[in-house]
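Commentary on secondary and tertiary structure
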Amino acid sequence: MVNNSIKYRNFLRGSLAAIVTPMDIKGQIDKPSLKKLIDYHVNNGTTAIVSVGTTGESATLDHSEHLDVVLTTLEYADGRIPIIAGSGANATKQAIALTKSLEKTGVVACLAVTPYYNKPSQEGLYQHFKAIAEQTDLPQILYNVPSRTGCDLLPETVARLAKLGNIVALKEASGDLSRVNRIRRLINDENFILLSGDDATALEFMQLGGQGVISVTANIAAKLMAEICKLALSEKYAEAHKLNYRLSELHHQLFIEPNPIPVKWACYQLGLINSDTLRLPMTPLTLTGQIAVQKALKIADLQKI
């Protein structure tokens, strides 16, 4: 396949929101809240939405629910904002099936997390993503988040995968800023997109050559995150850091308990969703966590919608 990364540079730049999947008190998908979230991002400058990524509780949705949420997101977006679909799984066959079910739906790309729990080798990771890429024309975004998956997609393996035609980007959530330069040196293609997956270091990541962030914080601070990224991409780093300082406490406190527990609670507090319900084994934010996140919301001066 021909590398299509140039075509996708616009929607892979800036603030991309990894949105939560709203649920009602019975744990069923809350579609009115989903529509409200999408409208919020359309109106506040978010570049693209990631539907049913790991922040969207992909691990607790079955295949039909997963596809339904993506399709509903596409329907509500109505062409106003690009939609990227989470498509990862720890079984290659399952990841391929999910990816193929997303073809011709209207999603602009898939975000594929590294296989969790089974801890594959670097060769296993290469073969996993290669097998997916060979079965679809949908652009693929690799997602490395070793703290959650138990395996680490190393820069050398990313470079091998970048040679495949429809692997166009990497979401790097290790928090290791040295990787930006390492990956750039290994990949001789300036069109391959590097996105941060760690809000706390995203601005520094962009200063080193990244093109944006797939953000958890953007769920509740969409306008600020969009502006920070816009300034960074224009190399106005002093202004970007000034804005980012308002969010620095929030970047950290949204991970005081496992994601998406804190951000879902924050979305509920700000009136973006009707309930902070999660599915087991995720449990509600503790009182200690609520106090910490509420303080961070106050510092960021985020008001109820």
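Structural data are supplied above this passage.
Summarised in this report is the structure supplied together with it.

Conventions used here
Residues numbered from 1 in each chain as written. Predicted model: local features only at pLDDT ≥ 70, side-chain atom pairs only at ≥ 80, totals over all residues. Heavy atoms only, no water. Buried < 20%, exposed > 50% of the residue type's maximum accessible area, 1.4 Å probe, protein only. Helix = DSSP H or I, 4+ residues; strand = E, 2+ residues; numbered from the N terminus. Pairing = 2+ DSSP bridges. Right-handed = clockwise from strand over helix to strand, strands pointing away. 1 Å grid on protein atoms, 1.4 Å probe; cavity = no way out; pocket = protein on both sides within 12 Å on 5 of 7 lines; lining within 4 Å. Points joined across faces, edges and corners; volume = space filled by probe spheres on them. Nonpolar A, V, L, I, M, F, W, Y, C, P; charged D, E, K, R; others polar. Contact = heavy atoms within 4.5 Å. Polar contact = N/O pair within 3.5 Å; in protein donor to acceptor, adjacent residues only side chain to side chain. Axes fitted to C-alpha atoms, helices over the stretch in contact; angles between N-to-C directions.

Moving on, we get to the pairing of strand 5 (residues 140-144). Of all five residues in strand 5, five are buried; the element is thus mostly enclosed. The alternating pattern of strand 5 places Gln140, Leu142 and Asn144 on one face and Ile141 and Tyr143 on the opposite face, and all of these are buried. Pairing of strand 4 (residues 109-113) with strand 5, which is carried by four bridges, proceeds in the parallel orientation. Its bridge partner being in strand 5, valine 113 is matched across the sheet by tyrosine 143. Handedness of the β-α-β unit built from strand 4, helix 4 (residues 122-134) and strand 5 comes out right-handed. Two elements, strand 5 and strand 6 (residues 167-172), share five bridges in a ladder whose sense is parallel. In the sheet register, tyrosine 143 faces strand 6, and the bridge partner there is lysine 171.

To continue, consider the layout of surface pockets. For the largest pocket, the calculated volume is near 880 Å³. If you go around the largest pocket, you meet 37 residues; those closest to its centre are Thr54, Thr55, Tyr143, Arg148 and Asn259. For the lining of the largest pocket, the elements supplying multiple residues, two or more each, are helix 2 (63-77), helix 3 (92-101), helix 5 (146-149) and helix 10 (237-253). When residues of the lining of the largest pocket are assigned to their parent elements, the largest contribution, four residues, is made by helix 5. A per-class count over the lining of the largest pocket returns 17 nonpolar, 15 polar and five charged.

In this structure the tally under the stated criterion is three cavities of 30 Å³ or more. In terms of lining, the largest cavity is formed by Val52, Gly53, Thr54, Ser58, Gly86, Ser87, Gly88, Leu111, Val113 and Tyr143. Grouping the amino acids of the lining of the largest cavity by side-chain chemistry returns four nonpolar, six polar and no charged. Computed from the structure, the second largest cavity encloses a volume of approximately 40 Å³. Taken together, Asp199, Ala202, Leu203, Met206, Val213, Met225, Ile228, Cys229, Asn244 and His251 make up the lining of the second largest cavity. Put simply, the parts of the chain that give the lining of the second largest cavity at least two residues each are helix 8 (202-207), helix 9 (222-233) and helix 10. Among the residues forming the lining of the second largest cavity, the class breakdown is seven nonpolar, two polar and one charged.

This part takes up the environment of threonine 105. Relative to the assigned elements, threonine 105 resides in the loop between helix 3 and strand 4. Sequence separation between threonine 105 and leucine 74 is 31 residues, and the spatial gap between their C-alpha atoms is 8.1 Å. Other than its neighbours up to four places away in sequence, threonine 105 contacts Leu71 and Leu74. At 3.4 Å, the side chain of threonine 105 and the backbone nitrogen of valine 107 are in polar contact.

Next up on the list: the sheet that holds strand 6. Read around the barrel, eight strands follow the order 1-2-3-4-5-6-7-8 and close on themselves; strand pairing throughout is parallel. With direction set aside, neighbouring strand axes in the sheet form an average angle of 25°. In this sheet, strand 8 (residues 212-215) lies alongside strand 1 (residues 14-18) in parallel orientation, the contact comprising four bridges. Its bridge partner being in strand 8, leucine 16 is matched across the sheet by isoleucine 214. Taken strand by strand, helix 2 contacts strand 2 (48-51) and strand 3 (83-86), and its axis lies near 175° from that of strand 3. Strand contacts of helix 7 (residues 178-186): strand 5, strand 6 and strand 7 (193-196), with the helix running at about 170° to strand 7, the strand carrying the most contacts.

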